[in-house]
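# Commentary on secondary and tertiary structure
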Amino acid sequence: MTDFPAGDITRVGVVGSGQMGAGIAEVCARAGLDVKVAEITGEALEIGRTRLFNSLAKAAERGKISEEERDVTQARLSFTTDLGEFADRDLVIEAVVENEQVKTEIFQVLDQVMTRADAILASNTSSIPLVKLAVATSRPDHVVGIHFFNPAPVQKLVELIPALTTSEGTLSRAQIFAEKVLGKHAIRAQDRSGFVVNALLVPYLLSAIRMFESGIASRDDIDNGMEMGCAHPMGPLKLSDLIGLDTIVSVANSMYAEYKEPLYAAPPLLQRMVDAGRLGRKSGSGFYTYG
Ligand SMILES: NC(=O)c1ccc[n+]([C@@H]2O[C@H](COP(=O)([O-])OP(=O)(O)OC[C@H]3O[C@@H](n4cnc5c(N)ncnc54)[C@H](O)[C@@H]3O)[C@@H](O)[C@H]2O)c1
C-alpha cells in the first residue's frame, strides 16, 4: 500500500508524456500521488516511460532521491493509451502538443469519462485561451490552467490561470495542490495568451532568432552575450532548442493571434526549421546538434 499525502487530490492523470508530461508525472509521483499517464500511441507511451524512468534513475544517481524512493516512485506510476482509464482521477493535467483542436478534443473526452463531480481538468498550455478548453466541457467551472516550466522536476514555478468560468474553489484547490502537495511556488495570471512568463520570454527568444537570421551575430556570440553579459544560465538559442522549436512557433502564433503585435510573429527561419523537422533538443538538432 502506498501512503498518499493529505488533501483531496490523490489520483492524478497526465495526458501526454513528452518533455512536459513526463516531467509533470514525475513531480506528481515524487509527491506521493497515484499517477496515470496517457499517450496517443504505444510507441509514444514507451518513449515517455523511458524518459521518465531515466530521469528518476538520474535523480537517484545524483543523490537527489534514494534508490528506495526511486523504486517507490516508479511503483506509483501507471501507463495507458486509453483515456477511459481516467474515470477515477481527482485531477487530470493535459500536456499534449500546443494545438487547440487536439487539446479541445481531449477535454471533451475527459469530460465524458471523469466520474468524480468535483474533479479538476487542468491544462499545461503555454498560450491557448483556457476558456476555450473550459467551454468545450460540461463543467467549465472546474477547468484551470496549471502551467509548469521545463524541466518540471527542477523548475520551482507554476503559473495558475483561471478561465473566466473557473470557480474560486477550483482555483484555490489548484493552488493548494501546486504549493502544498507539489511544493512549487505559484503565481497567478489572467487568461491572456502567454500569461506572465511566456509573454515576456517569447518576444525575447523571437528577437534572438531574428538577430541570428539577419546575420547580426553568430549563434555562439548571441548565446554567450546573454550568458556572460547578463548571467542567464542559458542563451536564447540554446533555450529555444530546450523548449522545442515547434512549441515556440505554436506559442508565437497564439500570441500573435491574440495581440496582433509584430513582436510575437514567428520569424521565417524558425518556421522553416520546424518544417525541416529540426525541433531542437527533442529531435536531435535545432540551432545546435545533440548526441
Ligand atoms: N516545452 C516547454 O518548455 C514547455 C513549457 C511549459 C509548457 N509547455 C506546454 O506543454 C505542452 C506539451 O509540450 P511538450 O514540450 O511536452 O511537447 P512534446 O512535443 O515534447 O510532447 C507532446 C506529447 O503529446 C503527445 N500527444 C499528442 N497528441 C496526443 C493525444 N491526442 N493524446 C495523448 N498524447 C498526445 C505526443 O505524442 C507527445 O509525446 C504544450 O501545451 C506546451 O505549450 C511546454
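Residues numbered from 1 in each chain as written. Predicted model: local features only at pLDDT ≥ 70, side-chain atom pairs only at ≥ 80, totals over all residues. Heavy atoms only, no water.

Pairing within the open sheet is mixed, and its 8 strands lie in the order 3-2-1-4-5-6-7-8. The open sheet has two free edges, formed respectively by strand 3 (77-80) and strand 8 (185-188), since each of these has just one partner strand. Neighbour-to-neighbour, the strand axes of this sheet turn through a mean angle of 25°, independent of strand direction. Strand direction decides the pairing type here: strand 2 (residues 34-38) and strand 3, joined by 4 bridges, are parallel. By the bridge assignment for strand 3, Val-37 is matched with Phe-79. (Pairing = 2+ DSSP bridges. Helix = DSSP H or I, 4+ residues; strand = E, 2+ residues; numbered from the N terminus. Axes fitted to C-alpha atoms, helices over the stretch in contact; angles between N-to-C directions.)

Turning next to the packing of aromatic side chains. A full pass over the atoms with the stated rule returns 3 aromatic pairs. For the pair Phe-53 and Phe-79, a centre-to-centre distance of 5.9 Å together with 80° between the ring planes defines the contact as edge-to-face. Of this pair, Phe-53 sits in helix 2 (residues 42-61) while Phe-79 sits in strand 3; the two residues are 26 residues apart in sequence, bridging distant segments of the chain. The exposure class of Phe-53 is partly exposed, given its relative accessible area of 22%. Owing to a relative accessible area of 16%, Phe-79 belongs among the buried residues under this scheme. Taking the centre distance of 5.2 Å and the plane angle of 35° together, the rings of Tyr-259 and Tyr-264 count as tilted. Taking the relative accessible area as the measure of exposure, Tyr-259 reaches 29% and is therefore partly exposed. (Phe/Tyr/Trp six-rings, centres within 6.5 Å; stacked < 30°, edge-to-face > 60°. Buried < 20%, exposed > 50% of the residue type's maximum accessible area, 1.4 Å probe, protein only.)

Turning next to the site of the ligand. Near the ligand you find 24 residues, and of these Glu-39, Glu-98, Lys-103, Ser-126 and Ile-243 are the closest. Glu-98 places a side-chain nitrogen or oxygen 2.5 Å from an oxygen atom of the ligand. Between the ligand and Lys-282, the relevant distance is 3.0 Å, taken from an oxygen atom to a side-chain nitrogen or oxygen of the residue. Here the ligand has 840 Å² of accessible area as a free molecule, and 86% of this is covered by the chains. Of the residues forming the shell around the ligand, the biggest block, 3 residues, is contributed by helix 4 (residues 100-113). Here the residues of the shell around the ligand are counted per class, giving 11 nonpolar, 9 polar and 4 charged. (Near = heavy atom within 4 Å. Polar contact = N/O pair within 3.5 Å; in protein donor to acceptor, adjacent residues only side chain to side chain. Areas by Shrake-Rupley, 256 points an atom, 1.4 Å probe, with all protein chains shown as cover. Nonpolar A, V, L, I, M, F, W, Y, C, P; charged D, E, K, R; others polar.)

These values are about where atoms sit, not about what they do.
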